[in-house]
Number of protein chains: 2
Amino acid sequence: MNEIVTNTIRRIQPLDQTAMQAARVRQDQLTKPAGSLGRLESLSVQIAGITGQNRPRLKQPTVVVMAGDHGVARQGVSAYPQEVTPQMVLNFLHGGAAINVLARHVGARVVVVDVGVATDMPPHPELIIKKVAKGTRDFTCAPAMTRDEAERAVQAGIDVVNTQIDAGADLVATGDMGIGNTTPSSAIVAAITGRTVAQVTGRGTGVDDAGLARKIATIEQALAYHRPDPCDGWDVLQKVGGFEIAGLAGVMIGAAARRVPVMIDGFISGAAALIACAIAPAAQPYLIAAHCSVEIGHRAMLEHLHLEPLLDFNLRLGEGTGAALGISLCIAACKILDEMATFGEAGVSDKTS
Amino acid sequence: MNEIVTNTIRRIQPLDQTAMQAARVRQDQLTKPAGSLGRLESLSVQIAGITGQNRPRLKQPTVVVMAGDHGVARQGVSAYPQEVTPQMVLNFLHGGAAINVLARHVGARVVVVDVGVATDMPPHPELIIKKVAKGTRDFTCAPAMTRDEAERAVQAGIDVVNTQIDAGADLVATGDMGIGNTTPSSAIVAAITGRTVAQVTGRGTGVDDAGLARKIATIEQALAYHRPDPCDGWDVLQKVGGFEIAGLAGVMIGAAARRVPVMIDGFISGAAALIACAIAPAAQPYLIAAHCSVEIGHRAMLEHLHLEPLLDFNLRLGEGTGAALGISLCIAACKILDEMATFGEAGVSDKTS
């Protein structure tokens, strides 16, 4: 296997139990009843364990948006034409998309990566080109990508996240763009969790009943044809995956190897997390699920990954929009741990019992 | 009744349907599948209706923390001694409490009001004194307050919120401090919703099993003694309420009368919302529930008020901490509506169908 990918996976360490214990002890000294900030407290302890810092301070959150196209889109599985992928990439670069608005709101940078858009993007100083191919092959009749392409796409994610971390990123969020990409994501969750295709396939950007039936039939046909090995993440990725999904799996693995927390977004990021944890199980504790998507297969993903989402906001956009909201909650959790006064400092009486 | 309170209630208008419709139309023109931002979209429409603005911009969120003491605390219903109320007020003023940390994080001001602390607070330039009395009476043997005190406490909230809105506050969040105040809150929710006391009484800051049994018995005894009229918010407030609860009800009514959205926090803010909507039903559409508390009666409150919480974070601190997190989500919702590019502006193809 690709050496960079192998070495990155090998570098992922367990969470730092000493830092987690120090965070727990401090939480119980802060001026509030012990445990009364619930999820904010547990989140701060997880981030202490991820970063290895007793009082982590997150200063430079970064949303990595990976874009790719899908051969299977020709089967009529999306409500939008494929030209929307590059159009939306331009929208990201010009700052007009939802992810730009929400990232600005939470003080995060947006990094846009072409890992497999079907057309050549016009050059732009802010666009990172890591194009593995001009879209995947239609997986109803061929593997979506070769094994080599799968590894190069994962490596692209590792490269991008390493560059961002070298530049100061200390919290990474995942986002996606790719017309048709709920179809490979449903295929991945069905393959890995063993649920039926119908149980994990939704309307994506909004296909009608006929479109949904076509989408389910398309995925069932592909899984029957390829029979991906549910225990082999590379096999699933190569046969029914997507380049942005592979790239985001690389981002997760790369961030985990550097002890940087990863905020995962919705259904496509969830598919990438399934792949990441299949090829690198040690990455799981580094993941934080931002929200539970409307897309019906998302809950099955989160259960398989043992992740509890922060928000349930009926989102189904992708781009990293839910993850951006999650960024603000993670920073809030760390500030509680770091900035609150203790009972002693504030001269407040502790519990009588 | 107190003329200021009466006039304020009378000024509350229904939401602005024209602004809501304009917001809905714009949401469908933005570069995303229609409806794909779920709760962020519905929240933006509600805030358009509250403010009467097609694209509301929230620039000056303000958390109003009302503090008061409770005669019933002498029954041993809290895990903390009453001296913690003024100690925590000082902690708020010095910026070391959880609400200070979270308000700073979301760019909100914190306004602290003594509406009924049992001791005299040392003067502080940031402390607003609206003390109605030095704590309520122990409601196991007397009404918590007189009708006149109840009206003055509600008016205090109206006065405070009017001053804040005059100074630019455009989103108001409610917070509370008062040792023992889950006890009157449970009494209020039992009285108004008709649930049994045991169904709506939890451990507050963390009483043990004996403390919980004592708390339930205390509330049952008080309700049997006073028999508050569930349809008369003033009667419930006066007999088993609290000054900070009354003050927060005033904040809600006052903000609604000025078309300012109100982010309500947890169990004590929820009790205040029950009182506010009992005495001014038109205030309900102006309320946004930030979160669902661990405190078991909170869900019953939210159901009675027809409010769907934004977060479910296992919080049980109060102070406005959950509401502070909600502030950021409301601002995000408004920015989506205001700042995203439309399909036309961005040159993105709309849905094929």
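Residues numbered from 1 in each chain as written. Chains lettered and ligands numbered in written order. Predicted model: local features only at pLDDT ≥ 70, side-chain atom pairs only at ≥ 80, totals over all residues. Heavy atoms only, no water.

**Some details on the overall build of chain A**
Of the regular secondary structure elements, chain A holds 14 helices and 6 strands. Scaling as 2.2 N^0.38, a compact globule of 353 residues should have a C-alpha radius of gyration of about 20 Å, and chain A matches this with 20 Å. For chain A, the C-alpha atoms occupy an extent of roughly 70 × 45 × 40 Å along the three principal directions. Burial statistics for chain A: of 353 residues in total, 67% are counted as buried. As presented, chain A carries roughly 11600 Å² of accessible surface, and 50% of it is formed by carbon and sulfur atoms. In chain A, 30 side chains carry a positive charge and 34 a negative one; their mean positions are 3 Å apart. (Helix = DSSP H or I, 4+ residues; strand = E, 2+ residues; numbered from the N terminus. Rg over C-alpha atoms; globule rule 2.2 N^0.38 Å. Buried < 20%, exposed > 50% of the residue type's maximum accessible area, 1.4 Å probe, protein only. Areas by Shrake-Rupley, 256 points an atom, 1.4 Å probe, with all protein chains shown as cover. Lys, Arg positive; Asp, Glu negative; His and termini not counted. Charge placed at Lys NZ, Arg CZ, Asp CG, Glu CD.)

**Quick look at the interface of chain A and chain B**
Counting residues at the interface gives 55 residues for chain A, matched by 55 residues for chain B. Looking only at chain A, the three residues that lose the most surface to chain B are Y80, H105 and F313 of chain A, adding up to 14% of its buried area. For the pair chain A and chain B, the interface holds 2 salt bridges. At the boundary of chain A with chain B, the tally comes to 20 residue pairs in polar contact (both at pLDDT 80 or more). Only α3 (38-51), α4 (84-94), α5 (98-106), α13 (321-339) and α14 (343-346) of chain A provide two or more residues apiece to the side of chain A that touches chain B. The element that contributes the greatest number of residues to the side of chain A that touches chain B is α13 of chain A, accounting for 9 residues. Of the residues assigned to the side of chain A that touches chain B, the class counts are 28 nonpolar, 17 polar and 10 charged. (Contact = heavy atoms within 4.5 Å. Buried area = accessible area lost by both parts, 1.4 Å probe. Salt bridge = Lys/Arg side-chain N within 4 Å of Asp/Glu carboxyl O. Polar contact = N/O pair within 3.5 Å; in protein donor to acceptor, adjacent residues only side chain to side chain. Nonpolar A, V, L, I, M, F, W, Y, C, P; charged D, E, K, R; others polar.)

**A word on the pairing of strand β4 (residues 171-177) of chain A**
All names here are of chain A. Counting buried positions along β4 gives 7 out of 7 residues, so the element sits mostly inside the fold. Burial along β4 is two-sided: the residues L171, A173, G175 and M177 and V172, T174 and D176 are all buried. With 7 bridges joining them, strand β1 (residues 61-68) and β4 adopt parallel strand pairing. Its bridge partner lying in β4, V63 is registered against A173. Of the pairings in the sheet, the one linking β4 to strand β5 (residues 262-264) comprises 2 bridges and is parallel in character. Looking at β5, one finds that A173 is bridged to M263. (Pairing = 2+ DSSP bridges.)

**Structural notes on the confidence of the model for chain A**
When pLDDT is averaged along chain A, the result is 97, and 99% of the positions lie at 70 or above. As scored by the predictor, the complex reaches a pTM of 0.97 and an ipTM of 0.97. (pLDDT = per-residue confidence, 0-100.)

**Describing helix α2 (residues 17-27) of chain B**
All names here are of chain B. Every buried residue of α2 is accounted for by A19, M20, A23, R26 and Q27. Down the axis of α2, the buried side of the element spans an arc of 125°, and every buried residue falls inside it. Facing away from the buried side of α2 by over 90 degrees, the exposed positions are Q17 and T18. Structurally, α2 contributes buried residues whose contacts are with α3 (38-51) and α13 (321-339). Where α2 starts, the residue carrying a side-chain oxygen 3.0 Å from the main-chain nitrogen of T18 turns out to be D16. (Arc of directions from axis to C-beta.)

**Structural notes on the domain arrangement of chain A**
Residues and elements named next belong to chain A. Segmentation of chain A into domains returns domain 1 (3-56 + 337-346) and domain 2 (61-329). Domain 1 and domain 2 are separated by 28 Å when their C-alpha centres are compared. Of the roughly 1700 Å² buried at the junction of domain 1 and domain 2 (both faces included), carbon and sulfur atoms supply 69%. It is V5, I12 and I50 in domain 1 that bury the most area against domain 2; as a group they hold 34% of the surface buried on that side. Counting across the domain 1 and domain 2 interface gives 0 salt bridges. Seen at the junction of domain 1 and domain 2, the total is 8 residue pairs in polar contact (both at pLDDT 80 or more). Of all the elements in the fold, those that place two or more residues in the side of domain 1 that touches domain 2 are α1 (3-11) and α3. (Domains from an automatic or database assignment.)

**Some remarks on the packing of α3 of chain B against α13 of chain B**
All names here are of chain B. For the pair α3 and α13, interaxial distance at closest approach is 8 Å and the crossing angle is 85°. Taken together, the axes of α3 and α13 are roughly perpendicular relative to one another. Across the interface between the two elements, L40, L43, S44 and I47 from α3 touch L329, C330, A332, A333, C334, I336 and L337 from α13. Among the residues making up the contact of α3 with α13, the classes are represented as 10 nonpolar, 1 polar and no charged. (Axes fitted to C-alpha atoms, helices over the stretch in contact; angles between N-to-C directions. Parallel < 35°, antiparallel > 145°, perpendicular 65-115°, else oblique.)

**Regarding the pattern of salt bridges**
All names here are of chain A. By the definition in use, this model includes 31 salt bridges over all chains. Its salt-bridge partner being E41, residue K32 comes within 3.0 Å of it at the nearest N-O pair. Looking at E41, the relative accessible area reads 8%, which means it is buried. When the shortest N-O distance is used, the salt bridge between E151 and R147 registers 2.7 Å. Of this pair, E151 and R147 both sit in helix α6 (residues 147-166), 4 residues apart, which is roughly one turn of that helix. Using a relative accessible area of 32% as the deciding quantity, one classes R147 as partly exposed. Salt bridges sharing common partners tie together R55, R57 and D338.

**Topic: the side chain of D170 of chain A**
Residues and elements named next belong to chain A. Inspection of the secondary structure puts D170 in the loop between α6 and β4. It turns out D170 is buried and unbridged, and the closest side chain with the opposite charge, K59, is 7.8 Å from it. In this structure the side chain of D170 is engaged in a polar contact, spanning 2.7 Å, whose partner is the backbone nitrogen of K59. In this structure, D170 is in contact with R57, L58, K59, Q60, P61, V260 and P261, ignoring residues within four places of it in sequence.

**Quick word on the relation of the copies chain A and chain B**
When chain A is brought onto chain B, the operation consists of a screw motion whose angular component is 180° and whose axial shift is 0.0 Å, with 0.0 Å RMSD remaining. Expressed as a symmetry operation, the mapping of one chain copy onto the other fits a two-fold axis. No C-alpha of chain A approaches the rotation axis more nearly than that of L311 of chain A, which lies at 3.2 Å. Interface overlap between copies is the fraction of interface residues in one copy that are interface residues in the other; for chain A against chain B it reaches 100%, indicating a shared surface. (Least-squares fit on C-alpha atoms with pLDDT ≥ 70 in both.)

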